[in-house]
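Coordinate analysis (summary)
Take a look at the letters that make up each chain.
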Amino acid sequence: MLDFFIGHYAYWFVFILMAIGLYGMTVKCNLVKKLIGMTIFQVSIILFFVASANKWGATVPVLDHSAGSIDPTKYINPLPHTLMLTAIVVGVATLGVALALVITIYNRYQTLDETRLLEHMRKDDDSE
Amino acid sequence: MILSNSPALAPLSLLLAAIVIPMVAFRRRWLAFPIALCASAFATGISVVNLVRVLSEGVIHYHFGGWIPPIGIEYVLDPLSAFVTLVVNAVSLLVLVHAHRSVAAELPDRSMPYYAVVMLMLTGFNGIILTGDFFNLYVFLEISSLALYGMIAVGNKKSPVAAFRYLIMGTVGGSFYLLGVGFVYMTTGSLNMADIAKIAPTLYHQPALVAALGLMVVGLGIKMAIFPLHGWLPDAYTYAPSASSALIAPVGAKVGVYAIIRVIFYVFGVDFVRHSLPLTDILAWLGAIAIVYGSVLAIAQKEMKRMLAYSSVAQIGYIGLGIGLANPYGIIGAVLHVMNHALMKACLFLVAGNFRLKLGHSTIPRLDHRVRKRMPWTTAAFTVGALSMVGVPPTVGFFSKWYLALGTIQNGRWLFLAALLVSSLLNAVYFFRVLEKVYMKPLEGDVPDDGDTALAEAPGSMLIPTLVLGIALLLLGLFNAVIVTGIITRIVPPGM
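Residues numbered from 1 in each chain as written. Chains lettered and ligands numbered in written order. Predicted model: local features only at pLDDT ≥ 70, side-chain atom pairs only at ≥ 80, totals over all residues.

1. Regarding the overall build of chain A
Keep this limit in mind: In this description a helix means any DSSP run of H or I spanning at least four residues, a strand means any run of E spanning at least two, and both kinds are numbered starting from the N terminus. Radius of gyration here is computed from C-alpha atoms only, and the compact-globule reference equals 2.2 Å multiplied by the residue count raised to the power 0.38. Burial is judged by counting other C-beta atoms within 10 Å of a residue's own C-beta: 20 or more means buried, 12 or fewer means exposed, and anything between counts as partly exposed, with every C-beta placed from the backbone. A pair of residues counts as a contact when their C-beta atoms, built from backbone coordinates, are within 7 Å of each other.
Within chain A, the regular secondary structure consists of 5 helices and 0 strands. Each helix (α) and strand (β) of chain A, taken in turn from the N terminus, gives the series α-α-α-α-α. Relative to the globule expectation of 14 Å for 128 residues, the C-alpha radius of gyration of chain A, 22 Å, shows a markedly less compact shape. With respect to the three principal axes, the spread of C-alpha positions in chain A is 75 × 35 × 15 Å. For chain A, buried positions account for 21% of its 128 residues. For chain A, long-range pairs separated by at least 24 residues make up 47% of all intrachain contacts whose partners lie at least 6 apart in sequence.

Structure, rendered in structure tokens:
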């Protein structure tokens, strides 16, 4: 049992990060704090992929002819890293759109607090 | 040359339009719409060609850059993906024709970037449907979602808040899906769907793969807006501009549905799902709850777009129920309902757009019989759409419900059958309420009947797509046997 926990310690950190991110997104009222939670959540998944690529005793995946024969166990798996480059770009783009939305919301309602925002929106409903 | 590359052409032409529009139309704004329309028409044409090719030649694999899967990324055209791309492209072409006037009225200064974003969204949808690679699907999913957030946020004053909520939910959905992809890659060492479909059935005792299936379905379920994950949908559809809701409601959620069908039945396979998780049962129950819940809330709405949004929750429930039944009738019903709901919802949202342009509102209690006198064709299209939603033969809506009902009977799930029947009654309540207003309700007070000259039929560019959709609802209903036997029976997944 202990081996299972220690052997997968990287993943436990990833899942703790994920939980922190989800907590930030659901519980925090401030929209920017929600976005911080969202970023933590996305980064935890990126770390998850990167951790899965690791091999003990292996090196960076650049072909080294001086090492002799090409042995895949001597190189870590490069594919998750390349996938995560795309995922990082997606994350940055999402964050950009989200921040643009936050600015628009602030300009229209002068608040970023979700409960106050809902009050304002309800007032708009009544005045319409 | 063109024919051999036809699987890649639909998303490519749309992506090209998304890039060309900001460059060419920066100075000449009027060019944005024709470019978008051409790209969409071209994509629709290519989808027709693809469907014909698939039906005559069988499944087509398209390898990008000549890399052979599982190393390279491939596009796969099988009857399901060819059929759904055609539905998505054809419906969005019609909505785009309609959108010209409503975008000019609602977003006068922002029409150029708006069309570019629409093209980006359609690129994402086409990519999701055609790709045969899990990670590629994620990228297209996020491309389309980013475009959707933008399209929702340009609506009325409240729309950025709705878009922000959708963004948070959508990102969680996308991230869950990505996490599922990670588990799949760790257990099978592959990202290619066909490759995983070969490996997965032997690994149903692997908890990581079962977790992957669960995560992917939850993630895609948020994008599809299946019942408890539908929170973003009503606000987003209501506050978005008319053109956006008419584009997103019919095709947006359907793409999530498609991805779930693909993942559950084609990649993991029926046997894997039966042996690992009670996933299909959960989907069926959630679908049944969504049907009743969405219909009841739709009755309570005063705003037509909001009513249609809640009715979308219910209609997605039908599709979820069909998937969850996991028998051939259920799948036929679900796939047929993907097409039917795309047509019906597009038709009804276009009617709401016509009302908004001509009456300045789409609030149900304010409608009266002048609407029918002045906008007879729009009202007729609404009536056909409403009858189809209720499921009156010979409209298309009847037939998908019929197949779903056969599916519930085959599985002996009488409660689900009851949900289907009750929801038809509820649909009748909330649509006939509107029909009663536009056909029966007399004027309030003694306003002269012809006093309002602004109230006239919608312009041709808006009326024709609405009518085409209305007629399609009737014609496809009459000839639904051709579609079901010719295309959809070939979709029924292996092992069912």
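Continuing now.
2. Some remarks on the confidence of the model for chain B
Residue and element names in this part refer to chain B. The condition is simple: Summary of the metric used: pLDDT quantifies the predictor's per-residue confidence within the range 0 to 100.
With 97% of its residues at a pLDDT of at least 70, chain B reaches an overall mean of 87. Taking the mean pLDDT of every element in chain B, the minimum, 79, falls on helix α14 (residues 369–374) and the maximum, 93, on helix α5 (residues 134–153). Across the whole predicted complex the pTM is 0.92, and at the interface the ipTM reaches 0.93.

3. Focus on the packing of helix α8 (residues 207–224) of chain B against helix α10 (residues 242–276) of chain B
All names here are of chain B. Under the convention used in this document: Fitting a line to C-alpha atoms yields each axis, with helices limited to the stretch in contact; the angle taken between N-to-C directions then spans 0 to 180 degrees. When describing relative orientation, an angle under 35 degrees is termed roughly parallel and one over 145 degrees roughly antiparallel, while 65 to 115 degrees is termed roughly perpendicular and anything else oblique. Working rule for handedness: look at the near helix, and if it is turned counterclockwise from the far one by less than a right angle, call the crossing left-handed; if clockwise, right-handed. All amino acids are sorted into three groups, where Ala, Val, Leu, Ile, Met, Phe, Trp, Tyr, Cys and Pro are nonpolar, Asp, Glu, Lys and Arg are charged, and the leftover types, Gly among them, are polar.
Look at α8 against α10: their axes get within 9 Å of each other, and the N-to-C directions meet at 160°. Between α8 and α10, the interaxial angle falls into the category roughly antiparallel. The way α8 lies across α10 gives a crossing that is left-handed. Touching Val210, Leu213, Met216, Val217, Leu220, Gly221, Lys223 and Met224 of α8 are Ala253, Gly256, Val257, Ala259, Ile260, Val263, Ile264, Phe268 and Ser276, all from α10. Classifying every residue of the contact of α8 with α10 gives 13 nonpolar, 3 polar and 1 charged.

4. A closer look at helix α17 (residues 414–439) of chain B
Because each turn of an α-helix spans 3.6 residues, side chains separated by three or four positions end up pointing in the same direction. Residue and element names in this part refer to chain B. The condition that has to hold: A helix is expected to span 1.5 Å multiplied by its residue count minus one. The angle between axes fitted to the seven-residue stretch ending at a residue and the seven-residue stretch beginning at it gives the bend at that residue.
Between the first and last C-alpha of α17 there are 37 Å, a value that for 26 residues agrees with the 38 Å anticipated at 1.5 Å per step. Its axis deflected by about 25° at Phe431, α17 carries its strongest bend there. Here α17 has its buried residues at Phe416, Ala419, Leu420, Ser423, Ser424, Leu426, Asn427, Tyr430, Phe431, Val434 and Val438. In this fold, the buried residues of α17 make contact with α11 (279–299), α12 (304–325), α14, α15 (376–390) and α16 (396–411).

5. Topic: the interface of chain B and chain A
Every contact between the two is made by 22 residues of chain B and, on the other side, 25 residues of chain A. Among the elements of the structure, α5 and α6 (159–188) of chain B are those that each provide at least two residues to the side of chain B that touches chain A. At 13 residues, α6 of chain B tops the list of elements feeding residues into the side of chain B that touches chain A. Here the residues of the side of chain B that touches chain A sort into 15 nonpolar, 4 polar and 3 charged.

6. Focus: helix α4 (residues 79–109) of chain A
The terminal C-alpha atoms of α4 of chain A, which comprises 31 residues, lie 45 Å apart, in line with the 45 Å expected from a rise of 1.5 Å per residue. Buried within α4 of chain A are the following residues: Pro80, Leu83, Met84, Ala87, Val90, Gly91, Thr94, Ala98, Leu101 and Ile105 of chain A. Contacts made by the buried residues of α4 of chain A are with α3 (31–52) of chain A together with α5 and α6 of chain B. In the segment just after α4 of chain A, Gln110 of chain A is the residue with positive phi, at about 60°.

7. Notes on the nonpolar core
Quick note on the threshold: Joined through C-beta atoms within 7 Å, a set of buried Ala, Val, Leu, Ile, Met, Phe, Trp, Tyr and Cys residues constitutes a nonpolar core.
Ranked by size, the top nonpolar core spans 217 residues in total, and within it Ile21, Ala36, Met119, Leu343 and Ala346 of chain B carry the most contacts. For this core, the leading source of residues is α10 of chain B, giving 21 residues.

8. Observations regarding the packing of α12 of chain B against α16 of chain B
Residue and element names in this part refer to chain B. One way to put it is that α12 packs onto α16 with a least axis distance of 10 Å and a crossing angle of 35°. The two elements α12 and α16 meet at a crossing, and its hand is left-handed. Contacts between α12 and α16 involve Tyr318, Leu321, Gly322 and Leu325 from the first element and Leu404, Gly407, Thr408 and Asn411 from the second. Looking at side-chain class alone, the contact of α12 with α16 contains 4 nonpolar, 4 polar and no charged residues.

9. Considering the pairing of strand β2 (residues 74–77) of chain B
Residues and elements named next belong to chain B. For clarity, the threshold we go by: Pairing between two strands is assigned when DSSP locates at least 2 bridges connecting them.
Alternating positions in β2 separate into two faces, Glu74 and Val76 on one and Tyr75 and Leu77 on the other, with burial throughout. The pairing of strand β1 (residues 60–63) with β2 spans 4 bridges and is antiparallel. By the bridge assignment for β2, His61 is matched with Val76.

10. Structural notes on unusual backbone geometry
All names here are of chain B. Looking along the chain, the bond that leaves Pro69 and enters Pro70 is cis, with omega of 10°. For the peptide bond that leads from Pro393 to Pro394, omega is 10°, which places it in the cis range. Mapping Pro394 onto the fold places it in the loop between α15 and α16. In this model, Ala225 sits at a positive phi of 65°, which is unusual for a non-glycine residue. By the secondary structure assignment, Ala225 is in the loop between α8 and α9 (233–239). Taking the number of C-beta atoms within 10 Å as the measure of exposure, Ala225 has 29 and is therefore buried. Positive phi values are uncommon outside glycine, yet Ala326 reaches one of about 55°. Tracing the sequence through the fold places Ala326 in the loop between α12 and α13 (328–359). The class of Ala326 is buried, set by 22 C-beta atoms lying within 10 Å.

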